[in-house]
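Here is how the chains run, residue by residue.
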Amino acid sequence: MTEERSVVEQQLSRFASKCRVYAPMYRQFTLTALREMITNPKAAAAAGPRPNTGYTDVVDAWNHYLAHENKGRGVVLIGHSQGSGVLTQLIAAEIDGKPAQTHLISALLLGTGLPVTKGGDTGTFKSIPLCKSPTQTGCAVAYASFLDNAPPPANSRFGRPREANSAMEVACVNPASLSGGKGELHNYMATTGNGHTADGWAKGVTVDTPFVSLPGLLSATCVNSGGFNYLAVQVNADPADPRLDAIKPGAVTPDWGLHLVDVNVAMGNLVDLVDSQGKAWLAKN
């Protein structure tokens with residue numbers, strides 16, 4: 001359970017400052033299995049289709065929550081990577097245009113490619129648009145992040161739809177500037193892991209907390225270029241500043257970009273968004 005707890009600490013626990021947190025366990029592919037699929041696709045194909053157990057687990061958890069825990073509350077659905085994938089399936093099948101949609105405050109689908117019509121706000125979801133303001137409810141935030149000086153390579157698995165469709169692109173909603181343009185990322189980076197060490201965040205400083213925030217160091221804007229639509233993260237390096245001048249992506253392969261820290265780089269923005277959207281939903285309901 002160490003790995004599961006680590007992910008909850010990294011990607012979910014900070015939201016508990018704004019709402020009640022439910023984190024159901026579901027069966028998913030490990031990074032080891034995903035690496036094998038990437039590096040040895042022929043063997044993965046020979047093994048047969050990927051099982052859908054993760055999705056059925058999430059459907060069961062959602063139905064149990066509605067029946068026993070919801071009690072009329074608004075809901076923010078939060079996922080990353082595989083979690084975003086199964087939530088996308090859940091929303092399309094069980095929430096979009098259904099009675100349960102009245103509970104939806106927002107869906108944070110991070111580190112995924114949510115297909116929408118080019119220049120539009122809907123696509124996979126028919127009645128759940130992309131979020132454009134901090135007080136909009138019933139909407140979705142989706143993005144995949146890359147360093148601005150290391151954009152998605154041609155073989156990237158993020159930043160464009162999995163299935164070719166000239167009418168579609170993947171969504172990019174900048175959590176630091178929902179209406180568009182550039183904004184500062186309020187990050188919470190793990191002090192160790194992904195190539196970082198506790199004494200590597202600033203010269204002469206050893207960080208003794210599990211997370212570190214770096215005000216002003218990172219900013220982001222959505223970029224649509226070369227068939228990719230992604231969140232470009234800029235490191236505002238200052239050689240005269242004792243802080244580090246680069247963040248390590250922690251990528252499994254180069255085409256993953258900042259995938260392993262998609263949530264960390266914008267955690268503060270996302271928590272603030274949940275707070276403002278939750279208050280807006282309560283005011284309406």
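Residues numbered from 1 in each chain as written. Predicted model: local features only at pLDDT ≥ 70, side-chain atom pairs only at ≥ 80, totals over all residues. Heavy atoms only, no water.

(A) The arrangement of the sheet that holds strand S1 (residues 75–80) in detail. In space, the three strands of this open sheet follow the order S1-S2-S4, with parallel pairing throughout. Whereas interior strands pair on both sides, the edge strands pair on one side only; in this sheet they are S1 and strand S4 (139–143). Taking the axes of each pair of neighbouring strands and ignoring which way they run, one obtains an average angle of 5° across the sheet. Across five bridges, the pairing between strand S2 (residues 104–110) and S4 is parallel. Within S4, the residue paired with Leu 108 across the bridge is Val 141. (Pairing = 2+ DSSP bridges. Helix = DSSP H or I, 4+ residues; strand = E, 2+ residues; numbered from the N terminus. Axes fitted to C-alpha atoms, helices over the stretch in contact; angles between N-to-C directions.)

(B) Structural context of the packing of aromatic side chains. Evaluation of the coordinates by the stated rule reveals four aromatic pairs. A ring pair is formed by Phe 146 and Tyr 230, whose centres lie 5.6 Å apart and whose planes are at 75°; its orientation type is edge-to-face. With a gap of 84 residues between them, Phe 146 in strand S5 (residues 145–147) and Tyr 230 in strand S11 (residues 228–235) connect regions that are remote in the sequence. The exposure class assigned to Phe 146 is buried, which follows from its relative accessible area of 0%. Under the relative-accessibility criterion, Tyr 230 is labelled buried at 6%. (Phe/Tyr/Trp six-rings, centres within 6.5 Å; stacked < 30°, edge-to-face > 60°. Buried < 20%, exposed > 50% of the residue type's maximum accessible area, 1.4 Å probe, protein only.)

(C) Region of the structure containing the state of the cysteines. Going through the model one piece at a time under the given rule, you end up with two disulfides. A disulfide bridge connects Cys 131 with Cys 139, and the sulfur atoms are separated by 2.1 Å. What sets the handedness of the Cys 131 and Cys 139 disulfide is the S-S torsion sign, and at about 95° it is right-handed. Disulfide partner of Cys 172: Cys 222, at an S-S distance of 2.1 Å. Here the S-S torsion is close to -85°, and the disulfide linking Cys 172 with Cys 222 is therefore left-handed. (Disulfide = S-S within 2.5 Å.)

(D) Seen up close, the sheet that holds S5. What the four strands build is an open sheet, ordered S5-S11-S10-S7; its pairing is mixed. Looking at the sheet topology across the chains shown, the edges are occupied by S5 and strand S7 (183–184). Looking at chain direction, S5 and S11 are connected through three bridges and run parallel. Bridge assignment links Leu 147 to a residue of S11, and that residue is Val 233.

(E) How the structure looks around helix H4 (residues 53–68). A rise of 1.5 Å per residue sets the reference length of H4, with its 16 residues, at 22 Å; its end C-alpha atoms lie 22 Å apart and thus fit the reference within 8%. Buried within H4 are the following residues: Gly 54, Tyr 55, Asp 57, Val 58, Val 59, Trp 62 and Tyr 65. (Expected span 1.5 Å × (residues − 1).)

(F) The arrangement of the packing of H4 against helix H5 (residues 82–95) in detail. Between H4 and H5, whose axes approach to 10 Å, the crossing angle comes to 55°. Between H4 and H5, the angle is such that the two are oblique. In this structure, the crossing between H4 and H5 has a hand that is right-handed. The segment H4 lies against H5, with Gly 54, Tyr 55, Val 58, Val 59 and Trp 62 engaging Val 86, Gln 89, Leu 90, Ala 93, Glu 94 and Ile 95. Grouping the constituent residues of the contact of H4 with H5 by class yields eight nonpolar, two polar and one charged. (Parallel < 35°, antiparallel > 145°, perpendicular 65-115°, else oblique. Left-handed = near helix turned anticlockwise from the far one by under 90°. Contact = heavy atoms within 4.5 Å. Nonpolar A, V, L, I, M, F, W, Y, C, P; charged D, E, K, R; others polar.)

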